[in-house]
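Inside the fold
Here's the letter readout for the chains.
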Amino acid sequence: MHIANLSGRLVLIVDGLAVDVEKASSGRFAADPQAVYEEWEEFRAWAAQARLPEGNPVDPARLGAPAPAPRQIIAAGLNYRDHAAESGFALPVTMPPVFTKFATSITGPVTDVVLPPGGHTDWEIELVAVIGTRAHHVSADSAWGHVAGLTVGQDISERITQLEGPAPQFSLGKSFPGFAPIGPYLVTPDAFDDPDDLALRCTVNDEEVQKSRTSDLIFSVPELVARLSSVIPLLPGDVIFTGTPAGVGLGRDPQRWLAPGDELVSTIEGIGELRQRFVAQT
Ligand code: ZN
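Residues numbered from 1 in each chain as written. Predicted model: local features only at pLDDT ≥ 70, side-chain atom pairs only at ≥ 80, totals over all residues. Heavy atoms only, no water.

Observations concerning the coordination of the zinc ion
Spelled out, the test is: Atoms are scored as donors when they are N, O or S and lie within 2.8 Å of the metal, with 3.2 Å used for Na, K and Ca; no water is included, so coordination may look incomplete. The secondary structure listing takes helices from DSSP runs of H or I that are at least 4 residues long and strands from runs of E that are at least 2 residues long, numbered from the N terminus. Throughout this description, buried means an accessible area under 20% of the type-specific maximum (1.4 Å probe, protein chains only), exposed means over 50%, and partly exposed covers the range between.
Glu124 (OE), Glu126 (OE) and Asp155 (OD) make up the full set of protein donors to the zinc ion, lying at 1.9 to 2.1 Å. Counting along the primary sequence, the residues that act as donors to the zinc ion give the motif E-x1-E-x28-D. On the criterion of sequence distance, the pair formed by Glu124 in the loop between strand S10 (121-122) and strand S11 (125-131) and Asp155 in the loop between strand S12 (147-154) and strand S13 (157-158) is long-range, its members being 31 residues apart. Of the two residues examined, Glu124 and Asp155, each falls in the buried class.

In structure tokens form, the structure reads like this:
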């Protein structure tokens, strides 16, 4: 199953067309895309047997984030070996470093992003998982059952804010407005041949800068859910950025930062793409 946020309303994507959930369910499920995670199991059961009307074409520019207002956004760092190496860090053993991207940074999949003046703004393609049912002290074996679905994310990062000061400042450096685009769809785990092995890549102005597979994650989605849930309850609709592979601008020689006019395209197999254009602050 694919769902999306089309102009602020929850839709099911059927054969590439959008079916409005609130209308198709005669009001049983709300139009608010964030609200569906509170009733995720009921929604899945309804969607599996619903007789749906013909859908409407989707304009990608009208898509919002599939989880636009989560209570918690949890992001993992150093979760691919090659990215930990390019960053100059040892591999995490029991838990990756964890930070948040503040919720005001979330946007839909196709956006213009204002570059913070004087900053060093970088890209990080990431698989993003959205929680469907509350997970607290869950095992990795049962963790996929708590995940509503997967989507594409960009953990856009301003490296000066992130790294200056006596200790790194990950959450602020990664939370400027527009720095957490997610989308275009939320795809349920059963819709993939193998949800633990998805190709991901991103390009800057059509030049490939990152390419990997999620099977290279140090902590897979179920491992991350299990380990995070050993500390914090994960709530319906929470968003988890799972970490980025090698190829970010920070790890290059010479280092490279996004500039006005650059276009960043981030793609994950079986989900779709994000498209960000960077603009100078006026
Ligand atoms: Zn990241």
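Some words on the domain arrangement of the protein chain
Put simply, the rule is: Those domain boundaries reflect an automatic or database domain assignment. Throughout, a contact is declared for two residues whenever any of their heavy atoms are within 4.5 Å. A 1.4 Å probe defines the accessible area here, and the buried area is the portion of it lost by two parts on being joined, summed over both. Note on definitions: salt bridges are taken to be side-chain nitrogens of Lys or Arg within 4 Å of carboxyl oxygens of Asp or Glu. N or O atoms closer than or at 3.5 Å make up a polar contact, with two conditions inside protein: a donor-capable atom paired with an acceptor-capable one, and, for residues adjacent in sequence, both atoms drawn from side chains.
In terms of domain boundaries, the protein chain breaks down into domain 1 (2-58) and domain 2 (64-280). Domain 1 and domain 2 are separated by 25 Å when their C-alpha centres are compared. Domain 1 puts 13 residues into the contact, and the matching count from domain 2 is 23 residues. Contact between domain 1 and domain 2 buries roughly 1400 Å² in total, counting both sides, with carbon and sulfur atoms accounting for 54%. Broken down residue by residue, the surface that domain 1 buries against domain 2 is led by His2, Gln34 and Tyr37, which jointly contribute 43%. The tally of links from domain 1 across to domain 2 stands at two salt bridges. In this structure, the salt-bridge partner of Glu38 is Arg71, at a minimum N-O distance of 2.8 Å. The interface formed by domain 1 and domain 2 holds eight residue pairs in polar contact (both at pLDDT 80 or more) in total. Of all the secondary structure elements, the ones that give two or more residues to the side of domain 1 that touches domain 2 are strand S1 (2-6) and helix H2 (40-49). The leading source of residues in the side of domain 1 that touches domain 2 is S1, at four residues.

Comments concerning the nonpolar core
We apply this condition: We call a set of buried Ala, Val, Leu, Ile, Met, Phe, Trp, Tyr and Cys residues a nonpolar core when their side-chain atoms join them within 4.5 Å.
Of all hydrophobic cores here, the largest spans 50 residues; its most connected members are Trp123, Leu150, Val221, Val225, Leu234, Ile268 and Ile271. Both domains that meet at this core, namely domain 1 (2-58) and domain 2 (64-280), each give it at least three residues. If you look at the next biggest cluster of nonpolar residues, it comprises 26 residues, including Val19, Val36, Val130 and Ala148.

Focus: the pattern of salt bridges
The tally for this structure, following the rule as stated, stands at 18 salt bridges. Here Asp20 ties to Arg9 by a salt bridge, and the two come within 2.6 Å at their closest N and O atoms. Here Arg9 lies in strand S2 (residues 9-14) and Asp20 lies in strand S3 (residues 17-20), a separation of 11 residues in the sequence. Note on Asp20: relative accessible area 17%, which makes it buried.

Observations regarding the sheet that holds strand S16 (residues 207-213)
Hydrogen bonds between backbone atoms are what pair the strands of a sheet, whose relative direction is either parallel or antiparallel. Where we set the bar: Note: two strands are recorded as paired if DSSP finds a minimum of 2 bridges between them. For helices, the axis comes from a line fit to the C-alpha atoms of the stretch in contact; other axes are also lines fit to C-alpha atoms, and the angle between any two N-to-C directions lies between 0 and 180 degrees.
Spatially, S9-S19-S18-S15-S16 is the arrangement adopted by the five strands of the open sheet, whose pairing is mixed. Looking along the sheet, the strands with just one partner apiece sit at the ends: strand S9 (110-115) and S16. With direction set aside, neighbouring strand axes in the sheet form an average angle of 20°. For strand S18 (residues 263-268) and strand S19 (residues 272-280), the ladder comprises six bridges, and the chain directions are antiparallel. Pairing of Leu264 across the sheet is with Gln276, part of S19.

Concerning helix H7 (residues 221-229)
Most of H7 sits inside the fold, with seven of its nine residues counted as buried. Tucked inside the fold, the buried residues of H7 contact strand S6 (73-76), strand S7 (98-99), S11, helix H4 (140-143), S12 and strand S17 (239-241).

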